[in-house]
Amino acid sequence: MSRGEGDIASPLNSTGANERASNPAQPAVSSQPVPATPRTNAQPSRPNSAPSGPTGVTPGPARTTAPATRPSGPAQPPASRPAGPTRTPGPVRGTPRPNTRTGANPLVYKIRRVSALRRYCVPVTTVVLILASLAVIGILIKVVLDNYYFFCTKSFKFIPLDKWCDGTQDCSGNEDELRCVQRVDYSNNSIARLSESGSIVQLYGYGRWNYICSDGFDVARAKAVCAELGYSSNPTYSFVTRNDIIGPFSTILLGSNGIEVIPVTGTCSSGNVVSLSCITCGVNHDKQRIIGGQDTSIEHYPWQVSLQYMGSHICGGSILNRRIILSAAHCFQMSDQQVDRWRVQCGRSTLNYLFASEVDKIYIHTLYNLDLKPYDIAILKLKTDLTFSDSIQPVCLPGFDISLPDNAPLSVTGWGHTVEGGGNLASTLQKVAINLISRSVCNQEYYNQVLDTMMCAGRLSGGLDTCQGDSGGPLVYSGDTARWEQVGIVSWGDGCGRPLKVGIYTSVQAFLSWICGIMKAEL
Ligand code: 4AZ
């Protein structure tokens, strides 16, 4: 116990207390020490502040023994007040000092709090700062490594980035070549196709394409046909009477190996063929077409996506189903082959790199070649299903026999540059209303480089076009219907918006079997 505390807490000898209180002449502060505890007359020579042990006690300097009884006077200082001769008196004599244990003195309490804060805050802040610095250094190291090296987790070594996805094994287990862009052609994978604005079913069998006679057609068969086309959603179907369709016809036998096509000899007895819709697609709320590129909202083109490589928008793309995105092969140049560095942003009008979906696989056409771009088509498979909403919807694929009218009105969308050679992407999704240009007209300006797998669209007088950053995006057609079909993929062109140099698009119609083959394989 400290002295100050003892002063207050020690019960005074009743005699002494009374005597002090009754002696008003006694000075407020005595230069003489006051015994810690009033002594009895039986111990007159013991130093008054010393413990009362019998031996080993050195008397205090020039200390006077306190009288056994004091003359009465004003209130004495507390009995155990420090006994040193130079003690300074307290501010108000006789007033008990505040009990700092209970925080009665705010100043002392504050000092204690400040020192406690210092005791804990300084080390905690130091630790936090050290951890933050380590995190920053770690992130910097990761950024540097990510930009220059690939880490082989199995062989625990770094290889230079240009050896990743270069077609040669550099890590054990071929780890550096596993998650790269793949060249595929599954064109013969699917035996189904849809005609007439993508709804009347045809199945391949016996060396020909057959219409499906509605006899015996049911939900299970509808699902099997949709699986052939690469869709797993709940289909809707109807039977339509088409006198102009004269066959050949077939029915479907569902076996353990999937669809078996059974030819119908002669005519279809019901007289009806099957019209099928595998997915609700191509629905939006924007039937208006405005001359010139302008801001639009993703709800008007909810199939539009942004393909991003290491956080940067590179190309556009379109949603075909919950997992499949259609785009252009030239978006995946030699240095951008690593699947895990790509993301797909869906459902946003403005570019945002935070909420993009991860990519599982990227396929480009086997025959794609950078120079002429005759097979400029790619499919990305997402790691997780998209949730459809007003801003995320699939676009429809056209029927295999679609024939666009001359000068057909088309829309194209994207975040690409709004000025040729301009350094900036559009921050808000842009749309431009353009028209189909015949391949023969187009080829006069493009020296016959526009092949059958390509189509031309734009405005011959210039000004309305796609540009760098729009590549891979969808060129869509709706005609007079409420259903938007993707007929082209932004591919190339001579500059942007130049007169006579219209945009060149990959023809979706030319690659329907390539697309469906992959979609079926990836179900
Ligand atoms: C490009 O570089 C690009 N004007 C896309 C489209 C067009 C030109 C260039 C068509 O991605």
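(A) Spatial organisation of the pairing of strand β8 (residues 249-255). Bridge count for strand β6 (residues 208-212) against β8 is 2 bridges, and the pairing is parallel. Bridging from a neighbouring strand, Tyr211 pairs with Phe249 of β8. Pairing geometry for β8 and strand β9 (residues 258-264), over 7 bridges, is antiparallel. By the bridge assignment, Leu254 is partnered in β9 with Ile259. Two successive antiparallel strands, β8 and β9, enclose a turn made up of 2 residues.

(B) Structural detail: the site of the ligand. Taken together, His330, Asp465, Thr466, Cys467, Gln468, Gly469, Ser471, Val490, Trp492, Gly493, Gly495 and Cys496 make up the full set of residues near the ligand. A distance of 2.8 Å is found between a nitrogen atom of the ligand and a side-chain nitrogen or oxygen belonging to Asp465. Ser471 has a polar side-chain atom sitting 2.5 Å from an oxygen atom of the ligand. Bound to the protein, the ligand loses 84% of the 300 Å² it would expose on its own. In the shell around the ligand, the residues fall into 4 nonpolar, 7 polar and 1 charged.

(C) Region of interest: the nonpolar core. Of all hydrophobic cores here, the largest spans 70 residues; its most connected members are Val225, Leu307, Ile325, Phe332, Val344 and Ile515. If you count residues domain by domain, this core takes at least three from each of domain 2 (192-277) and domain 3 (294-521). In contact with Val225, other than residues within four places in its own chain, are Ala192, Val201, Phe217, Ile252, Ile259 and Leu276. Judged by nonpolar contacts, the second largest core, of 16 residues, contains Leu404, Ala457, Leu475 and Tyr505.

(D) Structural view of helix α5 (residues 439-446). Taken together, the buried positions of α5 are occupied by Cys442, Asn443 and Tyr446. All buried residues of α5 fall inside an arc of 100° around its axis, so they share one side. Along α5, the residues that are exposed and aim more than 90 degrees away from the buried face are Ser440 and Gln444. At its buried positions, α5 is contacted by β19 (430-437), β20 (454-458), β22 (485-492) and β23 (503-507). At the exit of α5 stands Tyr447, carrying a positive phi of roughly 50°.

What counts and how
- Residues numbered from 1 in each chain as written.
- Predicted model: local features only at pLDDT ≥ 70, side-chain atom pairs only at ≥ 80, totals over all residues.
- Heavy atoms only, no water.
- Pairing = 2+ DSSP bridges.
- Helix = DSSP H or I, 4+ residues; strand = E, 2+ residues; numbered from the N terminus.
- Near = heavy atom within 4 Å.
- Polar contact = N/O pair within 3.5 Å; in protein donor to acceptor, adjacent residues only side chain to side chain.
- Areas by Shrake-Rupley, 256 points an atom, 1.4 Å probe, with all protein chains shown as cover.
- Nonpolar A, V, L, I, M, F, W, Y, C, P; charged D, E, K, R; others polar.
- Core = buried A, V, L, I, M, F, W, Y, C linked by side-chain atoms within 4.5 Å.
- Buried < 20%, exposed > 50% of the residue type's maximum accessible area, 1.4 Å probe, protein only.
- Domains from an automatic or database assignment.
- Contact = heavy atoms within 4.5 Å.
- Arc of directions from axis to C-beta.

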